[in-house]
Amino acid sequence: MKPSTTRAMVLEDVMALTMPGARNFHLCLDLVEIAQSVLIVGYAWRWPKQAAA
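None of the values given here were measured: they were computed from a predicted structure.

Turning to the overall build of the protein chain, a few remarks are in order. The number of helices and strands found in the protein chain is two helices and zero strands. In the protein chain, buried positions account for 13% of the 53 residues. As presented, the protein chain carries roughly 4,800 Å² of accessible surface, and 68% of it is formed by carbon and sulfur atoms.

Written out as structure tokens, the structure is:
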């Protein structure tokens, strides 16, 4: 993975874990954002390689 992708995923995890007084919908939105990021990275990881033209 590119460093920027890893950094973004770590930032999302830290954001979700360091909000103990946050309302439940903030935590829920963070979980949705993390899930979307994981799905996007997984989809990009398995993207078919194209032959060089």
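Next up on the list: the packing of aromatic side chains. Counted according to the given criterion, the structure contains one aromatic pair. With a centroid separation of 5.3 Å and 80° between ring planes, the pair formed by Tyr 43 and Trp 47 is classed as edge-to-face. Residue Trp 47 is classed as partly exposed on the basis of its relative accessible area of 48%.

Of note, Val 10 is situated in helix H1 (residues 3-17). Spatially, the C-alpha atoms of Val 10 and Ile 34 are 9.7 Å apart, while their sequence positions differ by 24 residues.

Conventions we followed
Residues numbered from 1 in each chain as written. Predicted model: local features only at pLDDT ≥ 70, side-chain atom pairs only at ≥ 80, totals over all residues. Heavy atoms only, no water. Helix = DSSP H or I, 4+ residues; strand = E, 2+ residues; numbered from the N terminus. Buried < 20%, exposed > 50% of the residue type's maximum accessible area, 1.4 Å probe, protein only. Areas by Shrake-Rupley, 256 points an atom, 1.4 Å probe, with all protein chains shown as cover. Phe/Tyr/Trp six-rings, centres within 6.5 Å; stacked < 30°, edge-to-face > 60°.

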